[in-house]
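Understanding the architecture of this molecule
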Amino acid sequence: MAVFVTRRIPAEGLRVLSQAGGCLVQQWDSEEPVPRAELLAGVAGKRGLLCLLSDRIDREVLEAAGPGLKVISTMSVGFDHLSLDEIKKRGIRVGYTPDVLTDATAELSVALLLAACRRLPEAAEQVKNGGWTTWKPLWMCGYGLSGSTVGIIGLGRIGQAVARRLKPFGVKKFLYTGTCPKSECAAEFAAEFVPLTRLAEESDFVVVTCALTPATQGMCNKDFFGRMKKTSVFINTSRGAVVNQDDLYDALAHGQIAAAGLDVTTPEPLPTDHPLLSLKNCGMVSDIYCQLSVRAGSDSAAHRECHVCHEKHHGSAGSQQPAGRAARGAHAPRAAAVTARAPLPQSSRTWRSLPWRSLVDQSCASSPLQQHASGACGEGTVL
Ligand SMILES: O=C(O)[C@H](O)CO
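A short tour of the structure in this document, coming up.

Calculation criteria
- Residues numbered from 1 in each chain as written.
- Predicted model: local features only at pLDDT ≥ 70, side-chain atom pairs only at ≥ 80, totals over all residues.
- Heavy atoms only, no water.
- Pairing = 2+ DSSP bridges.
- Helix = DSSP H or I, 4+ residues; strand = E, 2+ residues; numbered from the N terminus.
- Contact = heavy atoms within 4.5 Å.
- Axes fitted to C-alpha atoms, helices over the stretch in contact; angles between N-to-C directions.
- Buried < 20%, exposed > 50% of the residue type's maximum accessible area, 1.4 Å probe, protein only.
- Arc of directions from axis to C-beta.
- Phe/Tyr/Trp six-rings, centres within 6.5 Å; stacked < 30°, edge-to-face > 60°.

Attention now goes to the sheet that holds strand β11 (residues 259–262). Either a parallel or an antiparallel arrangement is found when strands of a sheet pair, and the pairing is made through backbone hydrogen bonds. Spatial ordering of the open sheet is given by β8-β7-β6-β9-β10-β11-β12, a layout of seven strands whose pairing is parallel. Either end of the sheet is taken by a strand with one partner, and the two such strands are β8 (192–193) and β12 (282–284). Relative to strand β7 (residues 173–177), strand β6 (residues 149–153) runs parallel, the two sharing five bridges. Paired with valine 150 across the bridge in β7 is phenylalanine 174. On the sheet, helix α7 (residues 157–166) packs against β6, β7 and β9 (205–208) and is oriented at approximately 165° with respect to β6.

Structure representation (structure tokens):
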């Protein structure tokens with residue numbers, strides 16, 4: 001039984017696959033996304049596909065795979081890159097990895113929000129360029145959370161985790177919007193379900209944590225930003241396509257809103273000369289799979305969470321890592337637990353064949369990746 005893996009995944013993940021029997025795994029063993037032609041060739045005749053959010057799995061891919069494809073497992077929380085209609089039509093089971101990034105995304109959302117409202121990147125720049133000359137009462141004033149109204153677009157797992165973290169800052173009111181009210185979750189924050197327009201008008205902080213769907217695509221547009229207060233801060237950690245970027249640029253450049261913080265854009269990454277990157281009031285960081293939290297010598301949830309990117313954070317014993325990663329030396333105790341393998345140069349792309357038991361079971365009731373990925377996830381999740 002044959003499986004195609006579309007990217008270099010953590011060594012521990014491959015070990016899970018290799019310890020299982022009965023299947024052959026073919027892998028695009030690179031840090032870079034698999035080129036479309038290689039994806040189409042790689043998936044041909046396969047029973048299973050393990051992909052990432054950068055792989056568009058549409059009719060063309062499914063046709064290239066042929067009728068033998070029975071399961072798709074995506075190592076991602078979002079699944080907007082999967083053409084679910086086409087997949088369902090063919091009776092293919094899908095697994096994904098919800099919850100592995102909930103805490104990390106919530107922390108990053110709060111970090112972006114605080115950085116934007118307290119203008120941290122600008123202030124840091126002023127320290128470096130000599131702009132900070134003396135203490136000035138009206139200089140670098142920001143926008144506080146205390147007594148504020150926070151509007152959350154999409155009060156799902158991540159939206160709730162954001163609200164939970166923001167509440168102790170003295171937020172006065174939470175608003176939320178989405179497909180339907182979620183009274184039970186909302187009760188924890190006394191959050192009020194409101195239409196999008198009201199959320200835009202009344203919120204001092206808007207945090208977008210919804211899924212990308214046809215209904216949410218381009219939802220934060222000229223009309224939306226036009227309704228926001230001039231002192232409001234906009235945070236998006238969901239998907240870039242939820243926002244009309246030209247409209248966001250105009251709103252930021254013309255002072256329609258105060259600031260924005262993003263870890264998602266269209267495309268990702270933005271070209272370095274993109275107008276949004278020229279704005280002082282727009283903070284941007286890279287997307288989050290590379291930013292999972294780790295903690296040395298602990299078996300905490302945060303630690304389990306980083307199993308997804310074990311090799312990245314802990315490093316293979318003896319591997320030559322870039323300084324940035326090596327500098328996270330606090331993870332050394334765990335390094336010994338990771339199977340050493342010769343580091344491959346970035347540019348190296350080789351095919352691997354490994355046995356994989358997990359897909360033998362044709363019911364494929366859970367995603368092998370997900371079972372591996374997070375104890376916190378519990379049961380594999382199948383769409
Ligand atoms: O969908 C996901 O897994 C996340 O957006 C990755 O950052």
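Of all the positions in helix α2 (residues 36–43), only Leu39, Leu40, Gly42 and Val43 are classed as buried. Projection of α2 onto a plane perpendicular to its axis shows the buried side chains occupying an angular sector of 165°, all on one side. Away from its buried face, by an angle of more than 90 degrees, α2 presents the exposed residues Ala37 and Ala41. On its buried face, α2 is in contact with β1 (2–5), β2 (24–27), β3 (48–51) and α3 (59–65). Two residues or fewer after α2 comes glycine 45, characterised by a positive phi angle close to 75°.

Now for the packing of aromatic side chains. One pass over the structure, following the stated rule, counts six aromatic pairs. Ring centres of phenylalanine 79 and tyrosine 96 lie 5.0 Å apart, and the angle between their planes is 90°; this geometry places the pair in the edge-to-face category. Taken together, the residues phenylalanine 79 in the loop between β4 (71–74) and α4 (84–89) and tyrosine 96 in strand β5 (residues 93–96) connect sequence positions 17 residues apart. The class of phenylalanine 79 is partly exposed, set by a relative accessible area of 27%. Centroid distance phenylalanine 224 to phenylalanine 234: 6.3 Å. Interplanar angle 70°. Geometry classified as edge-to-face. Here phenylalanine 234 lies in strand β10 (residues 233–236) and phenylalanine 224 lies in helix α10 (residues 222–227), a separation of ten residues in the sequence. Each member of the pair, phenylalanine 224 as well as phenylalanine 234, is classed as buried. In this structure an aromatic cluster arises from ring pairing among Phe224, Phe225 and Phe234.

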